[in-house]
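Structural description and commentary
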Amino acid sequence: MGRSPHPNNPPNLQDIWQFMLTFKAIRQTQFGGPEVLVLEELPIPQLAAEDVLIRVHAASINHFDVISRRGDFPGVPLPRIPGMDCSGYVEQYNGKRTDLSVGQPVVVLGTTLGNGGSGGYATHVCIDQEEVFPVPSGMDLTIATCLGMTYLTAWYALKQRSPLQVGQILLIPGVGGGVGSAALQLAQALGIRVIATTSSAAKRQQALALGAEACFNYREQDVVQAVREWTQGRGVDAVLDAVGGDSIQQGLNCLRKGGQLLSIGIVRGDRFTVDAIAFLSNEQHLLGVNVGQLTPGDRYQIFLQLVDLIQSGKLTVTIEHTFPLEKAAVAHALIESQEQFGKVVLLPHG
Ligand SMILES: NC(=O)c1ccc[n+]([C@@H]2O[C@H](COP(=O)([O-])OP(=O)(O)OC[C@H]3O[C@@H](n4cnc5c(N)ncnc54)[C@H](OP(=O)(O)O)[C@@H]3O)[C@@H](O)[C@H]2O)c1
């Protein structure tokens with residue numbers, strides 16, 4: 001990211017000015033509960049020619065931020081600034097790209113933000129130009145930041161990894177989560193029928209209002225029985241599972257013969273066992289989905305198609321709550337309480 005001046009090349013005035021600038025960020029020096037997310041003031045790093053300094057408008061929170069905060073994901077370095085999604089305005093850029101002029105609204109769609117590199121929970125982000133893309137005019141920047149991980153993953157799963165056709169039935173377990181709610185809204189836009197599960201009566205109502213044809217409470221109902229009854233014994237055509245753990249076998253039990261389960265998340269754990277006899281007898285398909293396989297350029301192409309859907313009124317983004325930067329711990333606690341429906345977003349400049 002930033003470079004220190006070489007000892008043989010004394011810093012010029014701009015370098016000195018740069019060293020005097022600071023930014024605010026949520027910095028984590030240990031793994032643990034939400035309280036390890038602490039607001040700090042840090043020096044803005046010196047930019048390399050290929051770096052862009054972004055004044056962050058919005059940073060959306062993803063489940064990865066939560067499990068990596070806890071230390072439940074391998075290989076996460078400390079200290080770190082979390083946050084895999086952010087949008088904002090170009091504040092400084094000395095590189096050659098003409099679409100990154102100062103003041104340009106941009107979104108970060110990369111693989112390093114908050115995942116090895118510094119994240120979006122900050123007033124400013126300094127990041128390689130390869131991960132930064134212009135946001136089309138008229139597009140709300142708070143909504144743009146929500147498209148990065150969850151909507152983009154739902155698109156990749158439903159459009160590029162699944163043979164699902166218009167009119168077929170998709171089951172979304174845990175529809176209240178970021179990926180789950182994004183998949184519901186996107187499936188609607190693509191003409192795919194959706195049934196879902198969730199954990200409360202209020203979230204069930206929200207899912208139905210957003211177009212799910214049925215929604216079962218996984219805390220109160222036998223989900224497999226409910227889905228089998230609803231599909232008159234046939235089972236659903238596909239399951240988009242961002243929950244993981246024992247949700248995988250449950251999803252396979254809801255799937256028709258020859259159907260496909262897309263495994264995306266590990267909220268309920270990163271291990272599962274499968275009833276092999278039922279699985280092979282029914283010739284089902286189990287597919288892992290990893291949006292990390294996409295290059296930043298591939299992500300931008302999907303992002304632009306999502307923007308088209310939003311601007312043509314075919315897709316809406318559900319934002320449950322926005323918080324100022326210093327309330328990052330409260331925002332994480334909200335996500336862990338599982339009371340949200342859709343996205344939770346930090347607005348570092350209020
Ligand atoms: N593979 C990829 O490329 C990729 C990309 C993005 C995210 N992910 C992963 O996808 C997962 C979800 O991310 P997220 O940001 O959507 O998380 P999130 O917003 O925290 O949502 C998690 C949801 O899991 C649901 N859930 C919890 N226990 C459940 C159970 N027993 N049965 C059914 N649902 C249950 C809850 O749904 P209700 O609210 O409805 O109860 C909860 O809202 C994470 O593991 C994340 O790392 C993977």
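Residues numbered from 1 in each chain as written. Predicted model: local features only at pLDDT ≥ 70, side-chain atom pairs only at ≥ 80, totals over all residues. Heavy atoms only, no water.

Side note on the site of the ligand
The ligand sits among 27 residues. The nearest are Thr198, Ser199, Lys203, Tyr218 and Val289. Between the ligand and Gly176, the relevant distance is 2.8 Å, taken from an oxygen atom to a main-chain nitrogen or oxygen of the residue. Note that an oxygen atom of the ligand is positioned 2.7 Å from one of the backbone N or O atoms of Val179. For the ligand, whose free accessible area comes to 930 Å², the fraction covered by protein is 90%. When contributions to the shell around the ligand are tallied by element, the ones reaching two or more residues are helix H3 (141-160) and helix H4 (178-190). (Near = heavy atom within 4 Å. Polar contact = N/O pair within 3.5 Å; in protein donor to acceptor, adjacent residues only side chain to side chain. Areas by Shrake-Rupley, 256 points an atom, 1.4 Å probe, with all protein chains shown as cover. Helix = DSSP H or I, 4+ residues; strand = E, 2+ residues; numbered from the N terminus.)

Topic: empty space enclosed by the protein
Applying the stated criterion across every chain yields a total of one cavity of 30 Å³ or more. The wall of the largest cavity is formed by Leu171, Pro173, Thr197, Val223, Ser247, Gln250 and Gly251. With three residues, the single largest contributor to the lining of the largest cavity is helix H7 (residues 247-254). Of the residues contributing to the lining of the largest cavity, the split by class is three nonpolar, four polar and no charged. (1 Å grid on protein atoms, 1.4 Å probe; cavity = no way out; pocket = protein on both sides within 12 Å on 5 of 7 lines; lining within 4 Å. Points joined across faces, edges and corners; volume = space filled by probe spheres on them. Nonpolar A, V, L, I, M, F, W, Y, C, P; charged D, E, K, R; others polar.)

A few points about the packing of helix H2 (residues 63-70) against helix H10 (residues 328-336)
Direction vectors running N to C along H2 and H10 enclose 105°, while the axes themselves pass 10 Å from each other. By the angle between their directions, the pair H2 and H10 is classed as roughly perpendicular. For the pair H2 and H10, contact is made by Asp65, Val66, Arg69 and Arg70 and by His332, Ile335 and Glu336, respectively. For the contact of H2 with H10, the per-class residue count stands at two nonpolar, one polar and four charged. (Axes fitted to C-alpha atoms, helices over the stretch in contact; angles between N-to-C directions. Parallel < 35°, antiparallel > 145°, perpendicular 65-115°, else oblique. Contact = heavy atoms within 4.5 Å.)

Observations concerning the nonpolar core
By size, the foremost hydrophobic cluster in this structure holds 57 residues, and its most contacted members are Leu147, Leu158, Leu170, Val175, Leu186, Phe303 and Leu306. Among the elements of the structure, H3, strand E8 (169-172), H4, strand E9 (193-198), strand E11 (236-241), helix H9 (296-311) and strand E15 (343-347) are those that each provide at least two residues to this core. A total of twelve residues in this core trace back to one element, the largest contributor, which is H3. Per-domain counts for this core show at least three residues from each of domain 1 (13-147 + 294-347) and domain 2 (162-288). Dropping the residues within four chain positions of it, Leu158 is found in contact with Leu164, Leu170, Ala183, Leu186, Ala187, Leu190 and Leu240. (Core = buried A, V, L, I, M, F, W, Y, C linked by side-chain atoms within 4.5 Å. Buried < 20%, exposed > 50% of the residue type's maximum accessible area, 1.4 Å probe, protein only. Domains from an automatic or database assignment.)

Let's talk about the domain arrangement of the chain
Partitioning the chain into structural domains gives domain 1 (13-147 + 294-347) and domain 2 (162-288). Computed over C-alpha atoms only, the centres of domain 1 and domain 2 are separated by 30 Å. The interface is formed by 17 residues belonging to domain 1 together with 17 residues belonging to domain 2. The junction of domain 1 with domain 2 conceals about 1,200 Å² of combined surface from both sides, 59% of it contributed by carbon and sulfur atoms. In terms of surface lost to domain 2, no three residues of domain 1 exceed His63, Gln338 and Phe341, which account for 45% of the buried area on that side. Where domain 1 touches domain 2, the interface holds zero salt bridges. (Buried area = accessible area lost by both parts, 1.4 Å probe. Salt bridge = Lys/Arg side-chain N within 4 Å of Asp/Glu carboxyl O.)

Digging into the pattern of salt bridges
Under the defined criterion, the tally for this structure stands at ten salt bridges. Here Arg234 ties to Asp237 by a salt bridge, and the two come within 2.9 Å at their closest N and O atoms. Overall, the relative accessible area of 43% leaves Arg234 in the partly exposed class. One network of salt bridges, with partners in common, ties together Arg69, Arg70, Asp72 and Glu336.

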